[in-house]
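Observations on the three-dimensional arrangement
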Amino acid sequence: MEHDRACWGVLRRTKGDAAFPEVIPLCATRVVVGRRPEHYEAPDTVFRTASAHDDALPDVTSTQIDRVALEASKRLSKVHCIFQRTEDTNAVVECHTNNGFAVNQAPVGKGTRASLSDGDGVQLLGDGPGQPGVSY
């Protein structure tokens, strides 16, 4: 995937199925990752955190959204997760799947959000240590 703008982050595959890309650039304000990310429609969907019930991600225009299609596994949800650059933290990720997702080996449930910092690890299709999946 080529981008004509600076990227604010990158996911590098550290283990798992080689059918998944080695690098996923995070360039747009919001990056939707999934088997069919075109199914994501913003901003109608509001996702909840475990502690706050009214804090949707800020609205962004469609030109600020990248969609990354990963067709390597049918277990990957159409919209698996969404990464977003934020002003108050480096980034957040929203989980949109019941098929396994973890940040730093801690499970993240569907509809919840986790803060990300430089060097954090995310796991697709697994929800912690010893679980099969793809790690970035």
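Overview of the structure. This structure is a prediction, so every number in the text was calculated from the model and none was measured.

**A closer look at the overall build of the protein chain**
- The number of helices and strands found in the protein chain is zero helices and 11 strands.
- Seen in sequence order, the protein chain has helices and strands lined up from the N terminus as β-β-β-β-β-β-β-β-β-β-β.
- Looking at the protein chain residue by residue over its 136 residues, the buried ones come to 42%.
- Contacts in the protein chain between residues far apart in sequence, at least 24 positions, make up 56% of those at least 6 positions apart.
- By element, 45% of the accessible surface of the protein chain is carried by carbon and sulfur atoms, the whole surface being about 7600 Å².

**Side note on unusual backbone geometry**
- Despite not being glycine, Asn 104 shows a phi value in the positive range, around 50°.
- In this model, Gln 105 sits at a positive phi of 70°, which is unusual for a non-glycine residue.
- The residue Gln 105 is located in the loop between strand 7 (101–103) and strand 8 (106–107) in this model.
- A relative accessible area of 52% means that Gln 105 is categorised as exposed.

**Quick look at the state of the cysteines**
- Tallying each qualifying case throughout the model produces one disulfide.
- The partner cysteine of Cys 7 in its disulfide is Cys 27, sulfur to sulfur 1.8 Å. Disulfide Cys 7 to Cys 27: torsion about the S-S bond roughly 45°, handedness right-handed. Within this pair, whereas Cys 7 is found in the segment before strand 1 (9–12), its partner Cys 27 is found in the loop between strand 2 (23–26) and strand 3 (30–34), the two being separated by 20 residues in sequence.
- Residue Cys 7 is classed as partly exposed on the basis of its relative accessible area of 42%.
- Considering cysteine sulfurs only, Cys 95 is the nearest to Cys 81, which forms no disulfide, with 7.4 Å between them.
- Since its relative accessible area comes to 0%, Cys 81 is described here as buried.
- On the basis of relative accessible area, Cys 95 is assigned to the buried category, the value being 0%.

**Focus: the sheet that holds strand 8**
- The four strands are arranged 8-7-10-11 in an open sheet whose pairing can be described as antiparallel. The open sheet is flanked by strand 8 and strand 11 (134–135), the only strands paired with a single partner.
- When strand 7 meets strand 8, the two strands line up antiparallel, connected through two bridges. Residue pairing in the sheet places Ala 102 in a bridge with Pro 107 of strand 8.

**Some details on the side chain of His 80**
- Counting through the fold element by element, His 80 comes out in the loop between strand 4 (65–69) and strand 5 (81–85).
- For His 80, a relative accessible area of 0% gives the class buried.
- A distance of 3.2 Å separates the side chain of His 80 from the backbone oxygen of Gly 100, its partner in a polar contact.
- Residues in contact with His 80, not counting those within four places in the same chain, are Val 33, Gly 34, Arg 75, Glu 94, Cys 95, His 96, Thr 97, Asn 99, Gly 100, Phe 101, Leu 124 and Leu 125.

**Details of the pattern of salt bridges**
- The tally for this structure, following the rule as stated, stands at two salt bridges.
- Close ionic contact of Glu 94 with Arg 113 constitutes a salt bridge, the shortest N to O distance being 2.8 Å. Taken together, the residues span a long stretch of sequence, with Glu 94 in strand 6 (residues 91–95) and Arg 113 in strand 9 (residues 113–116) at a distance of 19 residues.
- On the accessibility criterion, Arg 113 (21% relative accessible area) is partly exposed.

Calculation rules
Residues numbered from 1 in each chain as written. Predicted model: local features only at pLDDT ≥ 70, side-chain atom pairs only at ≥ 80, totals over all residues. Heavy atoms only, no water. Helix = DSSP H or I, 4+ residues; strand = E, 2+ residues; numbered from the N terminus. Buried < 20%, exposed > 50% of the residue type's maximum accessible area, 1.4 Å probe, protein only. Contact = heavy atoms within 4.5 Å. Areas by Shrake-Rupley, 256 points an atom, 1.4 Å probe, with all protein chains shown as cover. Disulfide = S-S within 2.5 Å. Pairing = 2+ DSSP bridges. Polar contact = N/O pair within 3.5 Å; in protein donor to acceptor, adjacent residues only side chain to side chain. Salt bridge = Lys/Arg side-chain N within 4 Å of Asp/Glu carboxyl O.

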